[in-house]
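A structural walkthrough
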Amino acid sequence: MRKITKFQIELIELNSSTILGASYHTLLADDVQLIIGVYDVDWEQSDVYSEICICCGIPGCGGSEQLSLRRVSDNLIIFPCFEKYKNTFFSRSFTWSKAIANETIFLSKKQCIELRRMGLKILNPCKYPLPSKKELIRILQWDAPYNLLDKWPNPVSICSEKIYAVSEKTALSEWLEILKYCIINIENINLFCEYKKLEELEEIVFYIGEPYWDEWIPLVRYSNKIYISLMENTIGIRIKETKKK
Ligand SMILES: [Zn+2]
């Protein structure tokens, strides 16, 4: 999950066989297309279409996917509507919004206010639901580098052979077990999903590749407990880990 630093709305001309040269207000997140036809979005919904149809102007007609809007404390996160499409993904073609095609995104409350000033009827983030436990695990999967948790819509499973070390004194195998426990027992774990300052968190870094050329931070320690983290370096979105060690 990454923070967006800049939003813009631009009139972008799209080629269509029926409406040649028609232009659409497109919301760009760090210069990448997030929503086409952004003034037609029904922000009262917690799942919204990422594109209006360039032929008829109806959101979603023509095969764009829905984006999920969820809150974390008073911030907003945006990700593909995982549950809705997991069974039909291979039977139709999708045009994922480019801004979330590789990684989910995070908007601060301040940025949501900025979007309202730009004329979007986006709600206060607190009006959107919390992500479900299933969604949290899918976000972790979507954002994991090198398909470390396999590729959505496959079930989430850890490719532990790609992980070589952990930034902790205890063995890597123990930490992989904790992560596996969280994934397998997600429905039995208390949902805990809040924004915390980086200074309050201790990152548990997994080193990937040979010889350790990359890092992945799926877990953090907060008040001596372990949580799943969806966004390293800046926030922890965590699921309370109840297993006794
Ligand atoms: Zn259409």
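In this text the structure is predicted, and so the values were computed from the model without any measurement.

Let us now look at the sheet that holds strand β2 (residues 7–13). A sheet is described by the order of its strands in space; here three strands give the open sequence β2-β3-β4, paired in antiparallel fashion. Of all strands in the sheet, those bounded by a partner on one side alone are β2 and β4 (32–36). This sheet shows a mean twist of 40° between the axes of neighbouring strands, independent of strand direction. Strand direction decides the pairing type here: strand β3 (residues 23–29) and β4, joined by four bridges, are antiparallel. Considered in β4, the bridge of T26 is made with I36.

On to the pairing of β2. Counting buried residues along β2, only zero of its seven residues qualify, which leaves the element largely exposed. Examined bridge by bridge, β2 and β3 share seven bridges and lie antiparallel to one another. Bridging across to β3, L11 finds its partner in H25.

Moving on, we come to the environment of I204. Topologically, I204 is positioned in strand β10 (residues 202–208). Given 21 C-beta atoms within a 10 Å radius, I204 is considered buried. C-alpha of I204 to C-alpha of P131: the two residues are 73 residues apart in sequence and 23 Å apart in space. Not counting residues up to four positions away in its chain, the partners in contact with I204 are V166, S167, E168, W175, I217, L219, V220 and R221.

Reading guide: rules and limits
Counting starts from 1 at the beginning of each chain's written sequence and moves along it residue by residue. Since the coordinates come from a predicted model, pLDDT governs what is reported: local features require at least 70, and pairs of side-chain atoms require 80 or more to be given and counted, while whole-chain, interface and lining totals use all residues. At least two DSSP bridges between two strands are required for those strands to pair. Think of it this way: any DSSP run of H or I at least four residues long counts as a helix, any run of E at least two long counts as a strand, and we number them from the N terminus. What counts as an axis is a line fitted to C-alpha atoms, over the stretch in contact for a helix, and the angles between N-to-C directions run from 0 to 180 degrees. Exposure in this text rests on C-beta crowding, where 20 or more other C-beta atoms within 10 Å of a residue's own make it buried, 12 or fewer make it exposed, and counts in between make it partly exposed. The C-beta atoms are placed from the backbone. Any two residues are considered in contact once their C-beta atoms, placed from the backbone, lie within 7 Å.

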